Amino acid sequence: MALRPNRPQNPSDPRAVARAAEGNVFAREVDDALRQDEALYALRKWGKPVGAAVVLGLAGLGGWLWYSNHQDTLRGQQGEQLTQALDNFEAKNDKAAQALLDPLAKDGTPGNRAAAQLLLAGKAQDDGKADQAAKGFAAVAADSNAPQAYRDAATVREVAITFDKLPPQQVIDRLKPLAVPGNPWFGSAGELVGLAYLKQGHNDLAGPLFAAIAKDKDVPDTIKRRARQVAGSLGVDAVDDVSAVIGQAQ
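Since this is a predicted model, take the numbers as computed values, not measurements.

## Here's the deal with unusual backbone geometry
- For Lys92, which is not glycine, the phi dihedral falls at a positive 65°.
- Considering the arrangement of structural elements, one finds Lys92 in the loop between helix H1 (14-90) and helix H2 (94-107).

## Considering the confidence of the model for the protein chain
- For the protein chain, the mean per-residue pLDDT works out to 79, and 65% of the residues sit at or above 70.
- Every residue in residues 1-6 scores below 50 in pLDDT, and together they form 13 contacts with partners more than four places removed in sequence or on other chains.
- Every residue in residues 241-250 scores below 50 in pLDDT, and together they form five contacts with partners more than four places removed in sequence or on other chains.

## Brief notes about the pattern of salt bridges
- In the structure shown here, the tally under the stated rule is seven salt bridges.
- Between Lys123 and Asp94 there is a salt bridge, with its nearest N and O atoms 3.0 Å apart. One end of the pair, Lys123, is in helix H3 (residues 110-126); the other, Asp94, is in helix H2, with 29 residues separating them in the sequence.
- On the basis of relative accessible area, Asp94 is assigned to the partly exposed category, the value being 30%.
- When the shortest N-O distance is used, the salt bridge between Asp131 and Lys165 registers 3.3 Å. On the criterion of sequence distance, the pair formed by Asp131 in helix H4 (residues 130-141) and Lys165 in the loop between helix H5 (148-162) and helix H6 (168-175) is long-range, its members being 34 residues apart. We note that Asp131, like Lys165, is exposed.
- The network of salt bridges with common partners includes Asp94, Lys123 and Asp127.

## Comments concerning the side chain of Asp216
- The residue Asp216 is located in the loop between helix H8 (203-215) and helix H9 (221-233) in this model.
- An unpaired buried charge is present at Asp216: no salt bridge exists, and Lys217, the closest side chain of opposite charge, is 6.2 Å distant.

## A short note on helix H7 (residues 186-200)
- End to end, H7 covers 20 Å across 15 residues, agreeing with the expected 21 Å (1.5 Å per residue, within 8%).
- Restricting attention to buried positions, one finds in H7 the residues Phe186, Gly187, Ala189, Gly190, Glu191, Leu192, Val193, Gly194, Ala196 and Tyr197.
- Against the buried residues of H7 lie H5, H6, H8 and H9.
- Where H7 ends, the next residue or the one after it, Gly201, has phi of about 85°, a positive value.

## A short note on the nonpolar core
- Grouped together as the largest cluster of nonpolar side chains are 26 residues, with contacts concentrated most on Val171, Leu175, Leu192, Val193 and Ile213.
- For this core, the secondary-structure elements that each account for two or more residues are H5, H6, H7, H8 and H9.
- Not counting chain neighbours up to four residues away, the residues in contact with Leu175 comprise Thr155, Val156, Val159, Ala189, Leu192 and Val193.

## Considerations on H5
- Look at H5: 21 Å from first C-alpha to last across 15 residues, which is about the 21 Å you get at 1.5 Å a residue.
- Every buried residue belonging to H5 is among Asp152, Ala153, Ala154, Thr155, Val156, Glu158, Val159 and Thr162, and all of these are buried.
- Those residues of H5 hidden inside the fold are in contact with H3, H4, H6 and H7.

## Observations regarding the packing of H4 against H5
- Viewed as axis vectors pointing N to C, H4 and H5 meet at an angle of 150°, and their least axial separation amounts to 8 Å. Comparing their axes, H5 and H4 come out roughly antiparallel. Regarding H4 and H5, the two cross each other, and that crossing is left-handed. In contact with Ala130, Ala133, Ala134, Phe137, Ala138, Val140 and Ala141 of H4, H5 contributes Tyr150, Arg151, Ala154, Thr155, Arg157, Glu158, Ile161 and Thr162.
- The residue inventory of the contact of H4 with H5, partitioned by class, reads 10 nonpolar, two polar and three charged.

## Topic: the packing of H3 against H4
- Look at H3 against H4: their axes get within 8 Å of each other, and the N-to-C directions meet at 160°. Of the possible angle classes, the one that applies to H3 and H4 is roughly antiparallel. Remark: the crossing between H3 and H4 carries left-handed chirality. Of the residues in H4, those touching H3 at Ala114, Gln117, Leu118, Ala121, Gly122, Ala124 and Gln125 are Gln132, Ala133, Gly136, Phe137 and Val140.
- For the contact of H3 with H4, the residue count by class is seven nonpolar, five polar and no charged.

Rules of the game
- Each chain has its residues counted from 1, running along the sequence as written.
- Only residues with pLDDT of at least 70 are given local features in this predicted model, and only at 80 or more are side-chain atom pairs given and counted; all residues enter the totals for whole chains, interfaces and linings.
- With hydrogens and water stripped out, all remaining heavy atoms of the structure feed into the side-chain values.
- A run of H or I in DSSP becomes a helix once it reaches four residues, and a run of E becomes a strand once it reaches two; helices and strands are each numbered from the N terminus.
- pLDDT measures how confident the predictor is about each residue, on a scale from 0 to 100.
- Contact between two residues is taken to exist if any of their heavy atoms lie within 4.5 Å; hydrogens are not considered.
- Put simply, a salt bridge is a Lys or Arg side-chain nitrogen that is within 4 Å of an Asp or Glu carboxyl oxygen.
- Exposure is judged per residue with a 1.4 Å probe applied to protein chains only, and the accessible area is read against the type maximum: over 50% gives exposed, under 20% gives buried, and values in between give partly exposed.
- As used throughout, the charge tally considers Lys and Arg to be positive and Asp and Glu to be negative, leaving His and the chain termini uncounted.
- Given a helix with a known number of residues, its expected span is that number minus one, times 1.5 Å.
- Put simply, buried Ala, Val, Leu, Ile, Met, Phe, Trp, Tyr and Cys residues joined by side-chain atoms within 4.5 Å make one nonpolar core.
- Each axis is a line fitted through C-alpha atoms, taken for helices only over the stretch in contact, and angles between the N-to-C directions span 0 to 180 degrees.
- Just so you know how the angles are binned, under 35 degrees is roughly parallel, over 145 roughly antiparallel, 65 to 115 roughly perpendicular, and the rest oblique.
- Helix crossings are classified by the rotation of the near helix relative to the far one: an anticlockwise turn of less than a right angle makes the crossing left-handed, while a clockwise turn makes it right-handed.
- Classes in brief: Ala, Val, Leu, Ile, Met, Phe, Trp, Tyr, Cys and Pro nonpolar; Asp, Glu, Lys and Arg charged; the others, Gly included, polar.

If you want it as structure tokens, here you go:
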């Protein structure tokens, strides 16, 4: 707390003014000394902990910057591996592609690991290994560290492979969050949910869903055509633009 300076009781008395001035100077000197003592005390008491905290903070920041840069470099290298694997698949060099993908599927960064697992599962499906493919897709779908877009893709692919083995309600529960207009997987997920409704005998739910798929401009044409046929067979109008439908048929 700062000391209050003395005030002369009689401002007209020069001696009183002089004494008050001397008192003020003394008070300021004492106040400054007290502040210095408090600062020295605080430095002695907290200097080491504060200094240690600053050092640790700087070390943590440096470590984070190094890790971030390392991860960026690693993602770039692994992205090149994925590209090379795709090139090998296109060149029918499956062994070379798998040799590149296997390490990524095990120890890659979350995004690259999920991408590698999706590619390997897709290759297994192409080779007729449905169980192995479903297992691979299920692993990606259950990976909380994988990007959500990859998890959604894996969920749709897994359910599509195992559709005949799954109870209809399980198909609905897993895919219904994706079977909504505006979702990138609305067409594929919605088609499977609609088929599950049909297996349950809920034509009243399946018809409008297939009609919505058929009318969605973002759904691939092949899925829209199938959805239009199913909706029509259920007595639900799924045609918005008749001329466009005729053009597609031609």
